[in-house]
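Each chain, letter by letter, is given below.
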Amino acid sequence: MSSAIREWLNLSLRWFHVFAGIMWVGQTYYFTWLDGQFTKLEKQANANAAAPKVWMVHSGGFYSVEKQKSLGVSPEQVRWFRWEALMTWLAGVILLILVYYIGDGLVDPDVADISKQTGIIIGVAAMIAGWIIYDLAARSPLGNSQTAFAGFGFVLTAATAWGLTHVFSGRAAYIHAGAIFGTIMTLNVWMRILPAQRKMIAATAAGEKFDPSLGAQAKLRSKHNTFLAVPVVFLMLSNHFPVATYGSRYNWEIMLALIVAGCGAAKLIREF
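A. Looking closely at unusual backbone geometry. Its identity is not glycine, yet S59 carries a phi of approximately 50°, on the positive side. A relative accessible area of 60% means that S59 is categorised as exposed.

B. Local environment of the packing of aromatic side chains. Under the counting rule described, the total for this entry stands at nine aromatic pairs. Residues W15 and F19 carry aromatic rings whose centres are separated by 6.0 Å and whose planes lie at 10° to one another, so their mutual orientation is stacked. Highlighted residues: W15 and F19, both in helix 1 (residues 3-44), separated by four residues, approximately one helical turn. Every member of this aromatic cluster is reached through a ring pair, and the members are Y30, F31, W33 and F81. It is R79 that lies over the ring of F81; its NZ or CZ is 4.5 Å from the centre. Above the plane of the ring of W80 lies R198, whose end atom (NZ or CZ) is 5.6 Å from the centre.

C. Up close: the environment of G119. Within the secondary structure layout, G119 lies in helix 3 (residues 116-139). Overall, G119 belongs to the buried group, its relative accessible area being 0%. Residues G119 and V243 lie 124 residues apart in sequence; the distance between their C-alpha atoms is 24 Å. Excluding residues within four positions of it along the chain, G119 makes contact with L106, I114 and F168.

D. Region of the structure containing the packing of helix 4 (residues 146-165) against helix 5 (residues 170-205). Contact geometry of helix 4 with helix 5 gives a least axis separation of 9 Å together with a crossing angle of 140°. With respect to helix 5, the element helix 4 is oriented oblique. For the pair helix 4 and helix 5, the sense of crossing is right-handed. Of helix 5, the residues touching helix 4 (which contributes T157, T160, L164 and T165) are A173, H176, A177, I180 and F181. Considered class by class, the residues forming the contact of helix 4 with helix 5 number five nonpolar, four polar and no charged.

E. Layout of the environment of L136. Assignment of secondary structure puts L136 in helix 3. Here L136 falls in the exposed class, since its relative accessible area comes to 52%. Each C-alpha atom, one on L136 and one on F62, is 43 Å from the other, the two residues being 74 residues apart in sequence.

Procedures and definitions
- Residues numbered from 1 in each chain as written.
- Predicted model: local features only at pLDDT ≥ 70, side-chain atom pairs only at ≥ 80, totals over all residues.
- Heavy atoms only, no water.
- Buried < 20%, exposed > 50% of the residue type's maximum accessible area, 1.4 Å probe, protein only.
- Phe/Tyr/Trp six-rings, centres within 6.5 Å; stacked < 30°, edge-to-face > 60°.
- Helix = DSSP H or I, 4+ residues; strand = E, 2+ residues; numbered from the N terminus.
- Lys NZ or Arg CZ within 6 Å of the ring centre and 35° of its normal.
- Contact = heavy atoms within 4.5 Å.
- Axes fitted to C-alpha atoms, helices over the stretch in contact; angles between N-to-C directions.
- Parallel < 35°, antiparallel > 145°, perpendicular 65-115°, else oblique.
- Left-handed = near helix turned anticlockwise from the far one by under 90°.
- Nonpolar A, V, L, I, M, F, W, Y, C, P; charged D, E, K, R; others polar.

By themselves, these are just geometric observations and shouldn't be taken as functional.
In structure tokens:
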């Protein structure tokens, strides 16, 4: 592949990746904010009050959004939000392959004397293991406690940051940490949120009550995605600041600090 073609491919994929991510994260935070507004209104309303509405103004018009507990239209009329997550992740994986698995930035002999093939296996295994461990923890009693789950996540993230920076080049370590988070976010959408929503729609379309735990689990995964989104962006931007981040002798500690700061920023955004 010529350098010109490689550069245009990089540019096109990065544009697609970033724009798809903007749409995905924007929708995630919008619905998180919307759900928070409804929660406040529901606490204020009495049992016999009509369904609460959220009024907004945008682009020269007024918009009224109402939350329903049942489906008042056919399932075909329901708007799904799913492709943005998949497109963001796919573009990111292609970039990972192009830049690190085909390119030369994955391993650093001064960090670990391993082959590129070994590095690729470790990188792919880390993304798969990251999802499996996270998913099992989220479905365990640990997932019922925000404090306990956050503590578990901190310890696991610290171990991952240390491990990645002792196997890959600093830059590749940061990108793989972001890829692990991005994989968790995408699989949350496709493996946990969407299946729960399909079951909810099928039940309401049949005139039956759906299991409340379905909505609660989907809401929890969506909440986790809002906390992961900001650290992912931080990690991706770190590529452009090697002295401050991955090139530092304290690179894994800085990575951990960025992730914690990102989660803190996400909490503030959620409460705004």
